[in-house]
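Chain residues, written in single-letter form:
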Amino acid sequence: MESGAELVRRLRGICGADHVLTHPDALATYRSDGLTQYRQTPLAAVLPGAAEEVQAVVRACFEAQVPWVARGSGTGLSGGALPVAEGVLIVLARLRRILAVQLEDSRVVVEPGVTNLAISKAVAPTHFYPPDPSSQIVCSIGGNVAENSGGAHCFKYGFTTTYVTGLEVVLSDGSMIELDRDAPGYDLLGAFVGSEGTLGVATKVALRVVPRPEAVQTVVAFFEDTGAAGSAVSAIVAAGMVPGAIEMMDRLSIQAAEQATHAGYRLDAGAALLVELDGPRDECRVRLGEVLRLCSDAGATHVWKAEDEAQRDLIWRARKAAFAAMGRIAPAYYVQDGVIPRTRLADVLRRIDELAAEYRLQVANVFHAGDGNLHPLVCYDASRAGEPERAEELAGLILKACVEAGGSITGEHGVGVDKKAYMPAMFSDSDLDAFQRLRCSFDPHGLANPGKVMPTPRLCGEVPGPYRQHPLERSGVATRF
Amino acid sequence: VPTRRAPTSFEEAAAILREAGAAGQAVRVVGGGSKPWGAPAAPPAHEVLTASLDQILEHNEGDLTAVLQAGVPLARAQEKFTAAGQMLALDPFLGPGREATIGGIIATADAGPLRHRYGSPRDLILGMTVALSDGTIARSGGKVIKNVAGYDLGKLFCGSLGTLGMILSVSVRLHPRPAHTVTTLGVAGEADLASRSARALAAAPLELEALDVAWRGGHGGLLARCGGVEAQARAQRVAALMREAGLARIEVVEEDDELWARQRAGQRSSLRALLKVAGRPSTLAQVLRAADAGGATVVGRAALGVCFLELDPDALAGVAERLPPDSRAVLLDAPTAAKESVEVWGPAPEARLHELMRQLKARFDPAHVCNPGVFVGGI
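Conventions used here
Residues numbered from 1 in each chain as written. Chains lettered and ligands numbered in written order. Predicted model: local features only at pLDDT ≥ 70, side-chain atom pairs only at ≥ 80, totals over all residues. Heavy atoms only, no water. Helix = DSSP H or I, 4+ residues; strand = E, 2+ residues; numbered from the N terminus. Rg over C-alpha atoms; globule rule 2.2 N^0.38 Å. Buried < 20%, exposed > 50% of the residue type's maximum accessible area, 1.4 Å probe, protein only. Contact = heavy atoms within 4.5 Å. Lys, Arg positive; Asp, Glu negative; His and termini not counted. Charge placed at Lys NZ, Arg CZ, Asp CG, Glu CD. Phe/Tyr/Trp six-rings, centres within 6.5 Å; stacked < 30°, edge-to-face > 60°. Lys NZ or Arg CZ within 6 Å of the ring centre and 35° of its normal. Buried area = accessible area lost by both parts, 1.4 Å probe. Salt bridge = Lys/Arg side-chain N within 4 Å of Asp/Glu carboxyl O. Polar contact = N/O pair within 3.5 Å; in protein donor to acceptor, adjacent residues only side chain to side chain. Nonpolar A, V, L, I, M, F, W, Y, C, P; charged D, E, K, R; others polar. Disulfide = S-S within 2.5 Å. Pairing = 2+ DSSP bridges. pLDDT = per-residue confidence, 0-100. Axes fitted to C-alpha atoms, helices over the stretch in contact; angles between N-to-C directions.

## Focus on the overall build of chain A
In terms of helices and strands, chain A carries 18 helices and 18 strands. Taken over C-alpha atoms, the radius of gyration comes to 24 Å for chain A, in line with the 23 Å a tight globule of 481 residues would show. Along the first, second and third principal axes, the C-alpha atoms of chain A reach 75 × 65 × 60 Å. Evaluated residue by residue, chain A yields a buried proportion of 59% over its 481 residues. When contacts within chain A are restricted to residue pairs at least 6 apart in sequence, long-range pairs at least 24 apart make up 69% of them. Distance between charge centres in chain A, computed from 46 positive and 58 negative side chains, equals 1 Å.

## With respect to the packing of aromatic side chains
On inspection of all chains with the given rule, the structure shows 10 aromatic pairs over all chains. Ring plane angle 65° and centroid distance 5.8 Å describe the contact between F435 of chain A and Y151 of chain B, whose orientation is recorded as edge-to-face. In this pair, F435 of chain A sits in helix α17 (residues 429-442) while Y151 of chain B sits in the loop between β8 (137-141) and α6 (153-157), so the two residues belong to two different chains. For the pair F435 of chain A and Y151 of chain B, one class covers both residues: buried. With 5.9 Å between their ring centres and 80° between their planes, F157 of chain B and F364 of chain B make a pair best called edge-to-face. Of this pair, F157 of chain B sits in helix α6 while F364 of chain B sits in helix α13 (residues 351-364); the two residues are 207 residues apart in sequence, bridging distant segments of the chain. Each of the two residues, F157 of chain B as well as F364 of chain B, counts as buried. Through a chain of ring-to-ring contacts, three or more aromatic side chains come together here, namely Y186 of chain A together with W345 and F375 of chain B. Over the face of the ring belonging to W316 of chain A we find K320 of chain A, whose NZ or CZ atom lies 5.6 Å from the ring centre.

## Here's the deal with the interface of chain B and chain A
Facing 73 residues of chain B, the contacting portion of chain A comprises 96 residues. Roughly 6900 Å² of surface becomes buried between chain B and chain A when both sides are summed, with 59% attributable to carbon and sulfur atoms. Together, K146, Y151 and R363 of chain B form the three largest contributors to the area buried by chain B at its contact with chain A, with a combined 15%. Across the chain B-chain A interface, the total number found is 11 salt bridges. The partner of D180 of chain A in a salt bridge is R328 of chain B, and the shortest N-O contact between them spans 3.0 Å. Joining chain B to chain A, the criterion identifies 30 residue pairs in polar contact (both at pLDDT 80 or more). Put simply, the parts of the chain that give the side of chain B that touches chain A at least two residues each are α5 (121-124), β8, α6, α7 (191-203), α8 (231-245), β18 (328-333) and α13 of chain B. A per-element tally of the side of chain B that touches chain A places α13 of chain B first, with 10 residues. Per-class residue counts for the side of chain B that touches chain A are 36 nonpolar, 15 polar and 22 charged.

## Comments concerning the state of the cysteines
Scanning the entire structure with this criterion turns up 1 disulfide over all chains. Sulfur-sulfur distance for the disulfide between C440 of chain A and C460 of chain A comes to 1.9 Å. The S-S bond linking C440 of chain A to C460 of chain A shows a torsion near -85°; that makes this disulfide left-handed. Taken together, the positions of C440 of chain A in helix α17 and C460 of chain A in the loop between α17 and α18 (471-474) put the pair 20 residues apart, joining distant regions of the chain. Looking at the unpaired C226 of chain B, the closest cysteine sulfur is the one in C284 of chain A, lying at 15 Å. Residue C226 of chain B is classed as buried on the basis of its relative accessible area, which comes to 0%.

## Concerning the pairing of strand β12 (residues 210-216) of chain B
Side-chain positions along a regular strand alternate between the two faces of the sheet. All names here are of chain B. When you tally the buried positions in β12, you get 5 out of 7 residues, the bulk of the element. Both β12 and strand β13 (residues 219-227) contribute to a ladder of 7 bridges, which runs antiparallel. By the bridge assignment for β13, W215 is matched with G220. Count of turn residues in the β12/β13 antiparallel hairpin: 2 residues, of which G217 carries a positive phi of about 60°. Here β12 pairs with strand β16 (residues 297-301) via 5 bridges, running antiparallel. Paired with R216 across the strands is T297, a residue of β16.

## Observations concerning the confidence of the model for chain A
Chain-level pLDDT for chain A is 93 on average; 96% of the residues reach the 70-or-more range. Below pLDDT 50 for its whole length, residues 466-481 of chain A participates in 16 contacts with residues either more than four positions away or in separate chains.

## Some thoughts on the pattern of salt bridges
Taken as a whole and assessed by the stated rule, the structure comprises 52 salt bridges over all chains. The shortest N-O distance in the salt bridge between K204 of chain A and E168 of chain A comes to 3.6 Å. Here the residue K204 of chain A occupies a position in strand β10 (residues 201-208), and E168 of chain A occupies one in strand β8 (residues 164-170), the gap between them amounting to 36 residues. A relative accessible area of 30% means that K204 of chain A is categorised as partly exposed. Note on E168 of chain A: relative accessible area 8%, which makes it buried. When the shortest N-O distance is used, the salt bridge between K305 of chain A and E307 of chain A registers 3.7 Å. Members of the salt-bridge network, linked through shared partners, are K156 and D278 of chain A together with R117, E207 and E209 of chain B.

## Considering the sheet that holds β8 of chain A
All names here are of chain A. Within the open sheet, the 5 strands sit side by side as β5-β6-β10-β8-β9. Their pairing is antiparallel. Strands at the two margins of the open sheet, each flanked by one partner only, are β5 (98-102) and β9 (176-180). Averaged over neighbouring strand pairs, the angle between their axes works out to 10° when direction is ignored. Pairing analysis gives 6 bridges linking β8 to β10, with the strands arranged antiparallel. Across the sheet, residue G166 finds its bridge partner in β10, namely A206. Together, β5, β6 (107-110) and β10 form the strand contacts of helix α4 (residues 116-123), whose direction differs from that of β5 by roughly 40°.

## Comments concerning unusual backbone geometry
Leave glycine aside and you will find that most residues have negative phi; peptide bonds, for their part, are mostly trans. Along the chain, A124 of chain A connects to P125 of chain A via a cis peptide bond; the corresponding omega equals 0°. Along the chain, the position of P125 of chain A falls in the loop between α4 and β7 (127-128). One non-glycine residue, R360 of chain A, lies in the positive phi region at around 50°. Locating R360 of chain A in the fold gives a position in the loop between α14 (345-359) and β17 (363-368). Notably, L64 of chain B is not glycine yet its phi reads approximately 55°, a positive angle. Residue L64 of chain B is classed as buried on the basis of its relative accessible area, which comes to 9%.

Written as structure tokens, this is what we have:
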């Protein structure tokens, strides 16, 4: 293994000295992603300017047997882009070209550093790219691919993996492959999307885009409590509707979001249910009537229907500000990303309330109600002794309650470093071993984003060779027993 | 002649695979037996039938999810879902006796016209339990519709033709079954018109359930299916768009099940050959002309660039060389002699990609006994 200094010299040769950062001040920006409680300073951060440079950087790391982590915009919420000490951080921010817009094939091809929102802008006004994480203004498509990002509209439209049709990938040995959704063979594209940067790094992304819906109708219904709002959700789904989005906020998050945005949410409500219907105009109109009736039947106290685009923006602004606005309630919070079968919503919310009372902490709830993806925000004050630890413990218990209800520890943020300790709550040893088989096929030396996803570090064994029948067995002289 | 066993539990299935693995004897999993696809290979020593793993383990109506053992015939599962106003949005051809099982459909990644709106099996699977040739039983994913914990092994096993292991059960996402459907038909007398019209319909914000092409001898048409409370009104809008695009003999059909059954049946061939072609949607006209040159009958997903060509085996080479250069053709059905004379999967994958697939095979099937030789590149 060559020294770190030698590797840095090689990296400078590949990307240019300006694009290889090693000074601690310059590296400070890159020590964390969106989950700032985890920090690590890498050996170097490199900002390659082309796919070929990414490939050369990965190959240099392979030859030096130095681990590396790919990073997009760094908005991830699971520590997935946390650097590895003595490793290289590959920052893809300079790869931001839109390479092709082919609407006749409902397709765009982009570099990984392009932002999520830029894709919808590139295909406007006729088309759009549906997955829309709250960070869509800045988050990169490469990061979305790594995390299989969702967003508010995935109940109807699906996830990043639904839309990725092709990838150019640099594997950890520095070789480059093309994955195409229609190519015969194993669905490596499906395995790669959502693999959290542990199977390689995407340098080119082909995406499907879809026609922009003809009509959009957005309403917020206010209820006395989350139970009543939850029964409205069940009634809407039972009526055969798949709204573009169904989002719920509880009392605490309504108050924080309203104070921050003055959007017009009712401060006296115990729950707000945002329902957005989109699609053909006639279908939307009829369905909106049904939604209003079902909300009223479920006990909605007030309904606010967006009359124009400006009102729709206001409604969404409050929802999307909910996380940031929690600063008004508490100096810090843990955000969780558990998923439950939607029909268990009332049970799990009750359990969260009990746990919050027991731990003497406030928990605000914001969630994608259609798909049962909860974002409990566990509020705490780090200046109070023991509170961060209590908050972390509470956050963990909430995840366990989700798994016990038949759900998942993460719906869209990814496992990263943050939730890897909870993987055994969901998966057995043999399940984890099967995951490792996939990982080792792509990265037998464990250089791509090590220390993420899997609960404990593991090495890859030798690949078992194909079984060969011994000549004596074939002739019937000997058997293996 | 292979031995046949029909395990009644996951553990028993895993034990059969482990024994076959230890003995180094090839094993093939058989569901309904309706899709003998893949490259011709020597008969396996053992067949594992999923016939006794046929329980619908869960149907969570309120959550629109279900958990099915691999041997459940899709037709039976759909009856149950239909009773609740729901469906698993997968509608491949189910075989002459509607015998196709969920395990077989997933192992072959087979899909029908609903792929237009709902995707293929990979898009509807939430979780999967598999058995491997070392006796391991492993689960990935879950049974909620949104979940990114762990690797997506379900997608890896989708379309893997039993070469990585045996699918034991899957959890799937369900959708509301549209209360009404109405189909609009339009006729085209030349390929460019069909292709152009398909693009116009695909770009319109109509949320079609399906958009298919049917074609034979330089002539054919498009079928667009609308679903939902306002399906009839939308079908009229589709008709207007078709007229504008230049299609002729436009017709709105209310009782449309038979039309779509015919499209599904066109994806298979019991006597001739069936070539599946996937490419850019905008190259549809070129695919249709290639089909015409070989006397092929075509059904396909007009907006997705997926076509199924039924033709005489003798015409395969001539059609293949006229297909768009970036399209991929796979020979699904054909008499054995025809399959033996061509590469059914098309050209082998690029070397590094091929190596990666072989690595996966070696790690998931360390004994190298799971349906060997049938898959891409000799895997």
